[in-house]
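Tertiary structure, described
The primary structure of each chain is shown beneath.
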Amino acid sequence: MNKTITAANAPAAVGPYCHAKLVGNTLYTSGQLGLVPETGELPQGVEAQAVQALDNLKAVLNAAGMNCGDVVKTTVFLADINDFAAINTIYAKYFPGEAPARSCVQVAALPKGALFEIEAVAAK
């Protein structure tokens, strides 16, 4: 089974890709920026963008019948690795208890000038 997942409560893709693919019981999400779904705009600051991106990720998970507790791996992309500590505080609120495996890297640039992006793999 290979099913395309589209979340009504997440911003539209900014390119030729979908929100996520469900393959069997495993969900692979596309990267989620901190775009506000209603406006397509980025909030100011990395913390606000991280909260919105994580809310967008939750919307994608929910559209697939999953939640943050089903996430087994994330990849976080930061425009500035110096934001690592601030992001950890926000991230921990979305993944309390036993957190998923994670990679976190600084990148040269993110789409739309974003400061934070996250992608995830989840399994039921």
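A brief look at the structure comes next. (Residues numbered from 1 in each chain as written. Predicted model: local features only at pLDDT ≥ 70, side-chain atom pairs only at ≥ 80, totals over all residues. Heavy atoms only, no water.)

**A few points about the overall build of the chain**
Short version of the rule: A run of H or I in DSSP becomes a helix once it reaches four residues, and a run of E becomes a strand once it reaches two; helices and strands are each numbered from the N terminus. Between the two quantities, the radius of gyration covers C-alpha atoms and the globule rule is 2.2 Å times the number of residues to the power 0.38. Here the accessible surface of atoms and residues is derived via Shrake-Rupley with a 1.4 Å probe, and residues count as covered only by protein chains that are part of the display.
When you go through the chain residue by residue, the secondary structure sums to two helices and seven strands. The helix and strand sequence of the chain, counted from the amino end, reads β-β-β-β-α-β-α-β-β. For 124 residues, the compact-globule estimate of 2.2 N^0.38 gives 14 Å, and the C-alpha radius of gyration of the chain, at 13 Å, lies within 12% of that figure. Surface summary for the chain: the accessible area is close to 6200 Å², and the carbon and sulfur share equals 53%.

**Quick notes on the side chain of Gln 32**
Inclusion rule: Any two residues having at least one pair of non-hydrogen atoms within 4.5 Å are treated as being in contact.
Relative to the elements of secondary structure, Gln 32 occurs in strand 4 (residues 32-33). When neighbours within four sequence positions are excluded, Gln 32 is seen to be in contact with Ala 10, Pro 11, His 19, Ala 53, Asn 56, Leu 57, Val 60, Phe 116, Glu 117 and Ile 118.

**Concerning the packing of aromatic side chains**
Formally: Centre distance within 6.5 Å is the pairing criterion for rings of Phe, Tyr and Trp, where only the six-membered ring of Trp is used; planes under 30 degrees apart are then read as stacked, over 60 as edge-to-face, and the remainder as tilted. When accessible area is computed with a 1.4 Å probe and restricted to protein chains, residues below 20% of their type maximum are described as buried, those above 50% as exposed, and intermediate ones as partly exposed. Criterion for a charge above a ring: Arg CZ or Lys NZ at most 6 Å from the ring centre, at most 35 degrees from the ring normal.
Under the counting rule described, the total for this entry stands at one aromatic pair. For the pair Tyr 91 and Phe 95, a centre-to-centre distance of 4.7 Å together with 40° between the ring planes defines the contact as tilted. For the pair Tyr 91 and Phe 95, one class covers both residues: buried. Residue placement shows Arg 102 over the ring face of Tyr 91; its charged tip is 4.6 Å from the ring centre.

**What to know about the pairing of strand 3 (residues 26-29)**
Note the cut-off: Note on pairing: two strands pair once DSSP finds at least 2 bridges between them.
Alternating residues of strand 3 divide into Leu 27 and Thr 29, all buried, and Thr 26 and Tyr 28, none buried. By the bridge criterion, four bridges tie strand 2 (residues 20-23) to strand 3 in an arrangement that is antiparallel. In the sheet register, Ala 20 faces strand 3, and the bridge partner there is Thr 29. Across three bridges, the pairing between strand 3 and strand 7 (residues 116-123) is antiparallel. Paired with Tyr 28 across the two strands is Val 121, which belongs to strand 7.

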